[in-house]
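Chains, contacts and geometry: an overview
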Amino acid sequence: MTSPPLDDRSRHLRRLAISAIKSAGIHFGATMSLIEILRVLYDDILRIDPKRPDDPDRDRCILSKGHGVLALYAILADKGFFPTSEIATFCAVDSRLPGHPEHGLLPGIEASTGALGHGLSIGLGMALAARIQKRPSRVFVVMGDGETNEGSVWEAAMSAAKHGLDNLVAIIDYNKLQSYGPVEQVQPLEPLADKWRAFGFAVAQADGHDPADLKRVLGALPVAAGQPSLVIAHTVKGKGLSLAEGVADWHHKRKLTEAETAAIIAELGGM
Amino acid sequence: MRKTCLDMIHRLALTDSRVVYVGSDPSAGTLKQMAKDVPDRFIIEGIAEANLIGMAAGMAMDGLMPFVHTIATFLTRRCYEQVAIDVCLHDLPVRLVGNGGGLVYAPLGPTHTAIDDLALFSALPGMAVVACSDADEMVRLMQASLSWPGPLYIRLGKGGDPVISKEENGFAIGRAIPMRKGSDVLLVSTGVMTGRALAAAEILEADGIGCAVLHAHTVKPFDGEQTVALAQGKRLVVSVEEHSRIGGLGAAVLDALAASGPVPPTLRLALPDSFVHQYGSQDALLERFGLQPEGIAASITQAIRKR
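As recorded in an unreviewed UniProt entry, chain B goes by Transketolase and comes from Magnetospirillum moscoviense. On record in UniProt, under Sequence similarities (unreviewed entry), the comment for chain B is "Belongs to the transketolase family." Under the Cofactor (unreviewed entry) heading, UniProt states for chain B: "thiamine diphosphate".

In the annotation of an unreviewed UniProt entry, chain A is listed under the name Transketolase and assigned to Magnetospirillum moscoviense.

Focus: the overall build of chain B
Secondary structure summary: chain B contains 12 helices and 12 strands in total. For chain B, the C-alpha atoms occupy an extent of roughly 60 × 35 × 35 Å along the three principal directions. Taking all 307 residues of chain B together, 61% fall into the buried category. Within chain B, counting contacts between residues at least 6 apart in sequence, those at least 24 apart form 77% of the total. Averaged over its 27 positive side-chain charges, chain B has a centre that lies 4 Å from the centre of its 32 negative ones.

A closer look at unusual backbone geometry
Note on backbone geometry: most residues besides glycine have negative phi, and most peptide bonds are trans. In this chain, Glu190 of chain A is followed by Pro191 of chain A through a cis amide linkage whose omega measures 0°. The topology assignment puts Pro191 of chain A in the loop between helix H6 (183–186) and helix H7 (192–198). Of the consecutive residues Lys220 of chain B and Pro221 of chain B, the connecting peptide bond is found in the cis state with omega at -5°. With respect to the helices and strands, the residue Pro221 of chain B is situated in the loop between strand E10 (218–220) and helix H9 (224–231). Phi at Lys176 of chain A takes a positive value of approximately 65°, unusual for a residue other than glycine. Considering the arrangement of structural elements, one finds Lys176 of chain A in the loop between strand E3 (168–174) and H6. Backbone geometry places Asp91 of chain B, a non-glycine residue, at a positive phi of 50°.

So, the interface of chain B and chain A
With 23 residues of chain B at the interface, the matching set in chain A holds 25 residues. For the chain B face of the interface with chain A, the top three residues by lost area are Asn51, Asp62 and His90 of chain B, together amounting to 28%. For the pair chain B and chain A, the number of links is three salt bridges. Linking Asp62 of chain B and Arg60 of chain A is a salt bridge whose minimum nitrogen-to-oxygen distance equals 2.7 Å. Inspection of the region where chain B meets chain A yields 12 residue pairs in polar contact (both at pLDDT 80 or more). Counting residues per element, the ones that place at least two in the side of chain B that touches chain A are strand E2 (42–44), helix H3 (49–61) and helix H5 (80–89) of chain B. With eight residues, H3 of chain B is the largest single contributor of residues to the side of chain B that touches chain A. For the side of chain B that touches chain A, a count of residues per class yields 10 nonpolar, six polar and seven charged.

Details of the packing of aromatic side chains
Residues and elements named next belong to chain B. Under the definition given, this model contains eight aromatic pairs over all chains. Between Tyr21 and Phe42, the aromatic rings sit 5.2 Å apart at their centres with planes inclined by 10°, giving stacked as the arrangement. Taken as a pair, Tyr21 in strand E1 (residues 19–23) and Phe42 in strand E2 lie far apart in primary sequence, 21 residues in all. Taking relative accessible area as the criterion, Tyr21 reaches 0% and is therefore assigned buried.

Quick word on the packing of H9 of chain B against helix H10 (residues 249–260) of chain B
Residue and element names in this part refer to chain B. Orientation of H9 relative to H10, taken along the N-to-C sense of each, is 70°, at an axis distance of 9 Å. In this view, H9 runs roughly perpendicular relative to H10, as classed from their interaxial angle. Crossing of H9 over H10 shows right-handed handedness. Of the residues in H10, those touching H9 at Gly224, Thr227, Val228 and Ala231 are Val253, Ala256, Leu257 and Ser260. The class makeup of the residues in the contact of H9 with H10 is five nonpolar, three polar and no charged.

What to know about the domain arrangement of chain B
All names here are of chain B. Under the domain assignment used here, chain B contains domain 1 (2–155) and domain 2 (173–306). A straight line from the C-alpha centre of domain 1 to that of domain 2 covers 26 Å. At the interface, 33 residues of domain 1 touch 30 residues of domain 2. Of the roughly 2,200 Å² buried at the junction of domain 1 and domain 2 (both faces included), carbon and sulfur atoms supply 65%. For domain 1, the biggest contributors to the area lost against domain 2 are Leu103, Pro110 and Ile115; these three give 28% of the whole. Here domain 1 is connected to domain 2 by 13 residue pairs in polar contact (both at pLDDT 80 or more). Sorting the residues of the side of domain 1 that touches domain 2 by element identifies helix H6 (117–122), strand E5 (128–131), helix H7 (135–145) and strand E6 (152–155) as the ones contributing at least two each. Residues belonging to the side of domain 1 that touches domain 2 are distributed by class as follows: 20 nonpolar, eight polar and five charged.

About the thresholds
Residues numbered from 1 in each chain as written. Chains lettered and ligands numbered in written order. Predicted model: local features only at pLDDT ≥ 70, side-chain atom pairs only at ≥ 80, totals over all residues. Heavy atoms only, no water. UniProt positions renumbered as here; feature names shortened; annotations may be inferred. Helix = DSSP H or I, 4+ residues; strand = E, 2+ residues; numbered from the N terminus. Buried < 20%, exposed > 50% of the residue type's maximum accessible area, 1.4 Å probe, protein only. Contact = heavy atoms within 4.5 Å. Lys, Arg positive; Asp, Glu negative; His and termini not counted. Charge placed at Lys NZ, Arg CZ, Asp CG, Glu CD. Buried area = accessible area lost by both parts, 1.4 Å probe. Salt bridge = Lys/Arg side-chain N within 4 Å of Asp/Glu carboxyl O. Polar contact = N/O pair within 3.5 Å; in protein donor to acceptor, adjacent residues only side chain to side chain. Nonpolar A, V, L, I, M, F, W, Y, C, P; charged D, E, K, R; others polar. Phe/Tyr/Trp six-rings, centres within 6.5 Å; stacked < 30°, edge-to-face > 60°. Axes fitted to C-alpha atoms, helices over the stretch in contact; angles between N-to-C directions. Parallel < 35°, antiparallel > 145°, perpendicular 65-115°, else oblique. Left-handed = near helix turned anticlockwise from the far one by under 90°. Domains from an automatic or database assignment.

Here you go:
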């Protein structure tokens, strides 16, 4: 996979996320691999209005891989859900921006996540509720690849297929690296697309760092009528930070050296 | 009580569009009329409790009120994280309906015997924990559940339990019901043990020991106020529960007494802190553990004599 170079907007969103760099430890890898997925969702796909975050008819987006939350904070702040300056309060004692998303603190956070394997069931419930209440809402659930080690994900997948919920879209940020090391060593997922097809999902794949390719796939949902959709977004863990790209040790980092901090800020063009 | 609870879900669903039944893999024919009357709000989801809970939470986030129904030990132990995070952290009106509270399923062994459900769910912030005494009280609980804003655990008994609750006593989640007056001993009981506590009080009365009985159908939020008030001047305060002695009603009673000042003499009648490796009927096991009226009365007599 050869993704196009990161454009200004992608670099801007990374800068916003990294504005927390001096505040607390960061899940660099997961945050950086997510940026384009969330960018395209919030820029082009989700039917949401930052001024009406509780509109019952809105689309829902659940960040099930909650440890990538800085990517979500970056796009939500950029969209006007809250001031971008607040990102620097990340993980402070009384901050509204904890290290995993918490519903009720900030507008736009649909569910509290952090323990993995919860988001797809919650999204399934929301998608069913939309059907029962005859609302047009779609539900997007963004998961990590390692997250799909959790059995609850597959319980939810069976249910979603049983109900034929084509208003439910699961997206896997497939960066192929989990905390300890490569996914294929920790708990191999392949054949990933075939597994999801076997569980009743209609599957599409995209370059998770190419906004045009993501838009092509996410703009043509559901992948198949009458079936839930699964989008495999092929990504690179730590994308955009030379120090972190593809390095398991950068899954979560705190206590960066001054040189590391400076290098990251410089690479993104300042803060 | 069990059948009444399920029938009430159906009845409430007919008039309240928030009410949804979510079952795992219940007995064949469970609520079959509800399945016909409100098919989109009658959901059987299979043996996947973690998913059941998460899904119910998602529905509740969007305004529905799911009643999740399965065996009590599977609701507590199997999917504790989903209950804690998806339901309680979001403070959602999900109702967890647990079949076989206490020793009801003891013949099926420790996997099915719910001796820790009150403790496990009491530990979760925001969770209300209720064990009714009989089917009539279950009707009142189910009606009250519609206006309870947060998570709620409903422990079900075996069914066919003698009706001891009275309509004139009313019902509110969190408010215990004084069932009997007496000057020497206060018995605080929950669930189907209240009937046995009342019978024990009659035995003791005949021996000249006056017993008040307070029915704490709600273990959390616990009615400490009435417990403390009724404990005033008593020679002994006794908790009676079909649950491990760790973290259930006895703990709530002691906690309330300790918070109010010097703790009066207490006696905790409960199951031991161990898995139950005896089988047989609920009644036979309650007798084995000294929790039938005669056993309760004997323990109280002995405790009073010691003092």
